[in-house]
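Given next are the chains, with one letter for each unit.
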Amino acid sequence: MEELINKLKAEIIEVLNLEDISPEDIEAESPLFGEGGLGLDSIDALELIVLLEKNYEIKIENPQDGKQIFFSIQSMADFITQQKVA
Amino acid sequence: MLVGEIKQTDEELKEAAGAGNLKALTRPTILGMLAAREAAADAGLLENMEGTGFISANTVGGMGHTEQYCLDYLDVEKEGDFMEYIGTHNCGDSTERIADYLNIKEYVTTINTACSSSANAIMLGARLIKNGIVQRVIAGGTDSLTRFTLNGFNSLMILSKEQCKPFDENRMGLNLGEGAGFVVLESEEAAKQRGAKVYSELRGFANTCDAYHQTASSPEGYGASNAMNKALKSAGLTADDIDYVNLHGTATKMNDLSEGNAIETVFGDQVPDVSSTKGFTGHTLGAAGGIEAVFSNLSISENILFPNLNFTEQMEELNFSPLSDVKEGAEVNNVLSNSFGFGGNNSALLFSKV
Amino acid sequence: MNNGLCISAHCRIKDNSAALNGETVFTLEEASFTQFIKALYRDQKFEYSKFFKMDNLSKLGFAAAEILLSNADDKIMGEEVGVVLANANASLDTDVKHQESIADAKNYFPSPSVFVYTLPNIVIGEICIKHKFTGENACLISKSFDSDQLFEYTMNLFNNGKVSSCLIGWVDCYLGEYDAALFFITRNNDKKSNFESERLKSIYQNCS
């Protein structure tokens, strides 16, 4: 899990062009969107959907599901792990 | 994938346009030829284009053929008829070709501001006439379906798998479409002089910036209400004077919420008849404002309001519903037509009965 | 003839150099556009994290607008400010990137954050979002910097009361080549920088 979380942090920084943020700045539990988070927007959410498909072969059909899955790095990692098992 | 595709092939459309012998015509060019020629013929201008400018909006250019041939272009060994299409990729190509086809020698230009493009083409046309640069213009837009736009909109997850349901609580996104729509604009003086048939007066217009997000519109619809209010102001009218609004109404979650809130900002609880005609056409991008300007003018001249297809349930956030049945014999004096584009580019045109 | 309008500031970014009103504010020798624009961002302390999400055209236009407006009077900013930009390559620089992402059927991942920039007017949207400009926008495509076109279009907006001030100019980039020349036009009787086509042209030609 630790490894997946670190991998996700690096991937997110890369695909979302979070130039001023390093992996250590992101808490696994803190929210990615909205105030106080990483300030991501709706396009970033779509980009995360592409990331899951491209790097983890997980397809999300309904963008509304993204809200829960992309709440934090932790929730993303949980979702990926759960999908891999299923 | 559901799309508003025109069934005829390029070849069939070319025949219909009497352009079978012309080379390297892209689909937007042929669609534009047909629509612009129909507009010019209806206005009795085909024989004499002197003093007439042409402003066409277009967003995809010759992308359709580029997708088909780009690998052939890159292969230096390969030669063939496809080479003719290299020069057709840019958005201006269709405009120049249509202008040549109609023998238009005056001011010719292209506008691309995404989905508000052809409303802006009509605005620019009006200004050219007002400033005495041309006597009249044929203005509107043309666009065709391409993989580029289908993939792009699909990546934004705003394409509906079902028929689009504008302003419905259960709307699932838009259907892309293709087509062309043009109007002939003329100074009052020039129209009178030649005894032209007049559908309406373009009484007001405005363009504003939503200043919110590259693609999404602001939830409260600031740019949209601002555009409608400024169009009313430039026409010297108030919200009470409006009989019908042809909505941008793409059926995406964001657009309809934003535009719906903007409608309530402008009209309060006195919302006039409103409908999105995109259920008929799909979202034709650069052509949408031109096609909807034609609908708006038909509403005024024929006293008929076109329904908002596929509507069943009012949006939770709004206090009004769009018109879901055709309305004939309506007294339609003033019509607002909304067109909003990526970049927060919002336009409203106001047509009035004369 | 004095039309009551003046060029209150102008900014040029090209050849790894940025200048405000003809005076260089930043240069970086032998750098690619990516390196240069990032260094400019740091040097000028823009502090706008969304900058890094933008495409090249938007980065270029945004940076030029930041420098252009760095000394602007807050009172004239906002609601009635229009933006009229022109360029030759539209959004081709980003269109190519989008095309590359859908060219290979085996590696087919169109990126939403690339697609949203496949329009030349998105740079205008980015500038408007940052500065809360909600006036009229236009994006004109022409072969090269056309001062008459910009001048006439802008005069028309002022004459019809559509704007109270206006950011105008040229923002073009394609495959690493870039050129931005922005002008801020305001109502003011400044004889030295009266707003006229010839002046736009001479500033464009002489300030590089």
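Residues numbered from 1 in each chain as written. Chains lettered and ligands numbered in written order. Predicted model: local features only at pLDDT ≥ 70, side-chain atom pairs only at ≥ 80, totals over all residues. Heavy atoms only, no water.

Re the sheet that holds strand β1 (residues 5-14) of chain C
Residue and element names in this part refer to chain C. Taken in spatial order, the seven strands line up as β3-β2-β1-β7-β6-β4-β5 in an open sheet, and their pairing is mixed. What marks the edges here is a single partner per strand, and that holds for β3 (23-27) and β5 (137-141). Across this sheet, the average inter-strand angle for adjacent strands is 15°, counted without regard to direction. Bridge analysis of strand β6 (residues 165-174) against strand β7 (residues 177-187) gives 10 bridges, and the strand direction is antiparallel. Along β7, the bridge assignment pairs Y174 with E177. Along the sheet, helix α5 (residues 122-131) contacts β4 (81-87), β5 and β6; its crossing angle with β4, the most-contacted strand, is approximately 150°. Its contacts with the sheet place helix α6 (residues 147-159) against β1, β4, β5, β6 and β7, and it is angled at close to 150° to β6. (Pairing = 2+ DSSP bridges. Helix = DSSP H or I, 4+ residues; strand = E, 2+ residues; numbered from the N terminus. Axes fitted to C-alpha atoms, helices over the stretch in contact; angles between N-to-C directions. Contact = heavy atoms within 4.5 Å.)

Quick look at the interface of chain C and chain B
In this complex, chain C contributes 34 residues to the contact, which on the side of chain B involves 34 residues. When chain C packs against chain B, the two sides together hide about 2800 Å² of surface, and 56% of this comes from carbon and sulfur. A salt bridge links E80 of chain C to K230 of chain B; the nearest nitrogen and oxygen atoms lie 3.8 Å apart. The tally of links from chain C across to chain B stands at 11 residue pairs in polar contact (both at pLDDT 80 or more). Elements with a minimum of two residues in the side of chain C that touches chain B: α3 (92-101), α4 (112-115), α5 and α6 of chain C. No other element matches α5 of chain C, which puts five residues into the side of chain C that touches chain B. (Buried area = accessible area lost by both parts, 1.4 Å probe. Salt bridge = Lys/Arg side-chain N within 4 Å of Asp/Glu carboxyl O. Polar contact = N/O pair within 3.5 Å; in protein donor to acceptor, adjacent residues only side chain to side chain.)

Observations regarding the domain arrangement of chain B
Residue and element names in this part refer to chain B. The assigned domain composition of chain B is domain 1 (10-194) and domain 2 (201-352). Its C-alpha centre places domain 1 at a distance of 22 Å from the equivalent point of domain 2. Residue-level contacts link 44 residues of domain 1 with 52 residues of domain 2. At the boundary of domain 1 and domain 2, one finds one salt bridge. Of the charged contacts in the structure, one is a salt bridge between R171 and D256, with a shortest N-O distance of 3.8 Å. For the interface between domain 1 and domain 2, the tally reads 22 residue pairs in polar contact (both at pLDDT 80 or more). Of all the elements in the fold, those that place two or more residues in the side of domain 1 that touches domain 2 are α5 (117-130), β3 (136-143), α6 (147-155) and β4 (179-186). The greatest single-element share of the side of domain 1 that touches domain 2, amounting to eight residues, is contributed by α5. Its residues placed into classes, the side of domain 1 that touches domain 2 shows 20 nonpolar, 17 polar and seven charged. (Domains from an automatic or database assignment. Nonpolar A, V, L, I, M, F, W, Y, C, P; charged D, E, K, R; others polar.)

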